[in-house]
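As a plain string of letters, each chain reads:
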Amino acid sequence: MTKHHEAEGDEPKRGNGANEAETSDGGSSQNSAPGEGGFEEGATLAAELAAARQQASENYEKYIRAVAEMQNVLRRQERERTDLGKYAVESLARDLLPTLDDLERALEHSSGSGGDAGLVAGVEMVRKNLRAVLEKHGVVRVSALGQPFDPSRHEAVGMVEGGDAAANTVVAEHRAGYMIGDRLLRPAIVIVAMPKGT
């Protein structure tokens, strides 16, 4: 009787040992799988993060270029608006300058011929008012007489011995030149002193 019970008691112990071995083996295989999966997932996330950073960098560069282009467009438009206001009267000024020339020639002739004082005063007033209107809109006379010849502002129609004048100095002005802003409306027609000994 006693031996029989001992044999029966031995069976559960062997069964428990096998279960423990299975549990141990099963636990070992379960612990290895999550480690491999986590590594792959981490590598994927790192690749996605690098791609997202690259895309963000490209988008930022596109944004900077777009802002720069927009600023250039706005500056160009502002410059065009400024030029439009500054040079709006350019065509009209060109048309008025011959009239101003006529008034100045009339005054020159009248001063030497002893013309009617009242008429001369009237012409002088008209000339003065016309020049004031032109100056109000940025039209100014080019300085020429006694100045060094400047081909960007003066047009020479002859050269003469200048006496005491330095070579290439404007010694006579046949027609006044004018500018509007930084643009030349027309050059001054001048006579220039030639170098001495030529």
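Before any of the text, the structure's been laid out above.
Right, let's walk through the structure included here.

Rules and cut-offs
Residues numbered from 1 in each chain as written. Predicted model: local features only at pLDDT ≥ 70, side-chain atom pairs only at ≥ 80, totals over all residues. Heavy atoms only, no water. Helix = DSSP H or I, 4+ residues; strand = E, 2+ residues; numbered from the N terminus. Polar contact = N/O pair within 3.5 Å; in protein donor to acceptor, adjacent residues only side chain to side chain. Contact = heavy atoms within 4.5 Å. Patch = residues over 30% accessible without salt bridge, like charges linked within 9 Å, V, L, I, M, F, W, Y side chains within 5 Å. Areas by Shrake-Rupley, 256 points an atom, 1.4 Å probe, with all protein chains shown as cover. Salt bridge = Lys/Arg side-chain N within 4 Å of Asp/Glu carboxyl O. Pairing = 2+ DSSP bridges. Axes fitted to C-alpha atoms, helices over the stretch in contact; angles between N-to-C directions.

Here we look at the side chain of Glu90
With respect to the element layout, Glu90 can be found in helix α2 (residues 90–113). Polar contacts involving the side chain of Glu90 include one to the side chain of Arg94, which spans 2.9 Å. Excluding residues within four positions of it along the chain, Glu90 makes contact with Ile180, Arg183 and Leu185.

Some thoughts on a nonpolar patch on the surface
Taken together, the side chains of Tyr60, Tyr63, Ile64 and Val67 present a nonpolar region at the surface, about 400 Å² in accessible area. Following the sequence through the fold, Tyr63 ends up in helix α1 (residues 2–86).

A short note on the sheet that holds strand β4 (residues 178–180)
Read from one edge to the other, the open sheet built from three strands follows the order β1-β4-β5, with strand pairing classed as antiparallel. One side of each edge strand has no neighbouring strand; the edge strands of this open sheet are β1 (139–141) and β5 (183–186). Strand-to-strand, the axes of this sheet are offset by a mean angle of 35°, without reference to chain direction. Both β4 and β5 contribute to a ladder of three bridges, which runs antiparallel. Looking at the pairing, Met179 lines up with Leu184 of β5.

Here's the deal with the environment of Asp164
Checked against the element boundaries, Asp164 lands in the loop between β2 (154–161) and β3 (170–175). Note: C-alpha distance between Asp164 and Lys196 (32 residues apart in sequence) is 9.7 Å.

By themselves, these observations are geometric and do not establish any function.
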